[in-house]
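Examining the three-dimensional arrangement
Here are the chains, one letter per residue:
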Amino acid sequence: MKSEFTGQRILVTGAGKGIGRAIARHLAAAGARIVAVSRTAADLATLGREITCETHVADLSDPSAVAALVGTMGDIDHLVNNAGISIPQTFLDCTAEAFDRTMAVNVRAVLSVSQAVVRRWIVRGHRGAIVNLSSQASQAALPAHAVYCASKGALDALTRVMALELGAHGIRVNAVNPTVTLTPMAEMAWGDPAKSGPMLARIPLGRFARPWEVAAVVEFLLGPSAAMITGAALPVDGGFLAT
Ligand code: NAP
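Heads up: these notes are all about the structure in this document. (Residues numbered from 1 in each chain as written. Predicted model: local features only at pLDDT ≥ 70, side-chain atom pairs only at ≥ 80, totals over all residues. Heavy atoms only, no water.)

**Overview of the packing of helix H1 (residues 18-29) against helix H2 (residues 41-50)**
For clarity, the threshold we go by: In this description, a line fitted to the C-alpha atoms serves as the axis of each element, helices being fitted only across the stretch in contact, and the angle between N-to-C directions of two axes falls anywhere from 0 to 180 degrees. Secondary structure counts use DSSP, requiring at least four H or I residues in a row for a helix and at least two E residues in a row for a strand, with both numbered from the N terminus. Note that the term roughly parallel is reserved for angles under 35 degrees, roughly antiparallel for angles over 145, roughly perpendicular for angles of 65 to 115, and oblique for everything else. Crossing chirality is assigned from the near helix's rotation relative to the far helix, an anticlockwise turn below a right angle marking it left-handed and a clockwise turn marking it right-handed. Two residues form a contact once any of their heavy atoms are found within 4.5 Å. Three classes are used: nonpolar for Ala, Val, Leu, Ile, Met, Phe, Trp, Tyr, Cys and Pro, charged for Asp, Glu, Lys and Arg, and polar for all others, with Gly counted as polar.
Relative to each other, H1 and H2 sit at 25°, their axes nearing to 11 Å. In terms of axis orientation, H1 runs roughly parallel to H2. The way H1 lies across H2 gives a crossing that is right-handed. Along the contact surface, H1 presents Arg21, Ala24 and Arg25, while H2 presents Asp43, Thr46, Leu47 and Glu50. Tallied by class, the residues present in the contact of H1 with H2 amount to two nonpolar, one polar and four charged.

**Structural notes on unusual backbone geometry**
Basically, it comes down to this: The buried label goes to any residue with under 20% of its type's maximum accessible area, the exposed label to any with over 50%, and the partly exposed label to all in between, with areas taken from a 1.4 Å probe on protein chains only.
The backbone of Ala144 sits at a positive phi, close to 60°, despite the residue not being glycine. Here Ala144 is to be found in the loop between strand E5 (129-133) and helix H5 (146-166). Judged by relative accessible area, Ala144 falls into the partly exposed class, the value being 32%.

**Details of the layout of surface pockets**
Worth spelling out the cut-off: Within this scheme a cavity is a closed region of a 1 Å grid, computed over the protein atoms alone, that accommodates a 1.4 Å probe without allowing it to escape, whereas a pocket is open but has protein on both sides within 12 Å along at least five of seven lines; lining residues each have an atom within 4 Å of a point. Grid points are joined across faces, edges and corners, and a volume is the space filled by probe spheres set on the points.
A volume near 1,600 Å³ is recorded for the largest pocket. Around the largest pocket, the lining comprises 48 residues; the ones closest to its centre are Gly84, Ser86, Tyr148, Thr183 and Met185. Contributions of two or more residues to the lining of the largest pocket are made by H1, H5, helix H6 (184-190) and helix H7 (193-201). Taken together, the residues that form the lining of the largest pocket break down as 23 nonpolar, 17 polar and eight charged. In this model, the second largest pocket occupies a volume close to 220 Å³. Taken together, Leu111, Ser114, Gln115, Val118, Arg119, Leu158, Val161, Met162, Glu165 and Leu166 make up the full set of residues lining the second largest pocket.

**Let's talk about the sheet that holds strand E4 (residues 78-81)**
The strands that make up a sheet are held in pairs by hydrogen bonds between backbone atoms, and each pair lies either parallel or antiparallel. Selection rule: Whether two strands pair depends on DSSP finding at least two bridges between them.
The seven strands are arranged E3-E2-E1-E4-E5-E6-E7 in an open sheet whose pairing can be described as parallel. At either end of the open sheet lies a strand with only one pairing partner, and these are strand E3 (53-57) and strand E7 (233-236). Averaged over all neighbouring strand pairs, the angle between strand axes comes to 20°, with direction disregarded. Judged from the four bridges that link them, E4 and E5 form a sheet pairing that is parallel. Note that in E5 the partner of Val80 across the bridge is Val131. This element, H5, spans E5, strand E6 (172-178) and E7 of the sheet and lies at about 160° to E6.

**Quick look at the packing of helix H3 (residues 63-71) against helix H4 (residues 96-124)**
Working note: a packed helix pair is described by the angle between its axes plus the distance between those axes. Viewed as axis vectors pointing N to C, H3 and H4 meet at an angle of 30°, and their least axial separation amounts to 9 Å. The orientation of H3 relative to H4 falls into the category roughly parallel. As H3 packs across H4, the resulting crossing turns out to be right-handed. Side by side, H3 and H4 meet where Pro63, Val66, Val70 and Gly71 of the first sit next to Arg108, Ser112, Val113, Ala116, Val117 and Arg120 of the second. Of the residues contributing to the contact of H3 with H4, the split by class is six nonpolar, two polar and two charged.

Structure follows, in structure tokens:
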């Protein structure tokens, strides 16, 4: 069956694990041709056995690697900036090294990947869409997540400026802001009720998100149903940010 994504080439960063992998699988099921980038070759190899996709191993925190990589890719129709890291530290314990590593992936990689992709869109006159994976942490203080919160706040701000400047080219840019999402790693981290209880108590729907629930919102924001939406930071948080 044909869908609006049939044959569309969608670049998904951090597609090796977790939410990015779910997004890649979800969009592939909707007919897209996935271009998957991640750091660990073994993850991309197993993804390549689950869906038909082009894979690239790269560390996106290196801007020169990004420019070279995107230059070899062929035409991309839409972009999902999903790759991200979290180094949990309190404000007082936060190190300069953790700050630099987090910002390099969660903010600077989004900038450099998007610049490389969008420059080519403007030359082609292509009106693509971009979705950036932000977090509820961009708008709410989470304990022991000082730099992570700062990085996602910066990402929401970058998303708004991209939307402002790229609107004239017909390019839409939005963020999705999930709550805790039960990737395999998050299930381990949040499996302990002593840890999950206080967070669940702040979520009106009383549960964490599932990766496919985030992927479905990414699909919506990339597609024609969201044609009038740009510059938004859309919570997928069971109501956490409403409280
Ligand atoms: P994850 O399970 O740790 O997966 C992240 C993926 O990104 C991995 O495949 C990782 O590859 C890749 N990656 C990380 N740094 C990279 C780099 N420098 N270059 C290329 N690839 C890189 O994380 P996740 O939980 O799915 O999170 C995905 C996104 O959603 C992140 O932006 C995160 O901040 C956001 N988010 C997550 C949650 C949650 O509860 N899970 C909630 C809100 C927002 P390697 O493993 O090989 O390094």
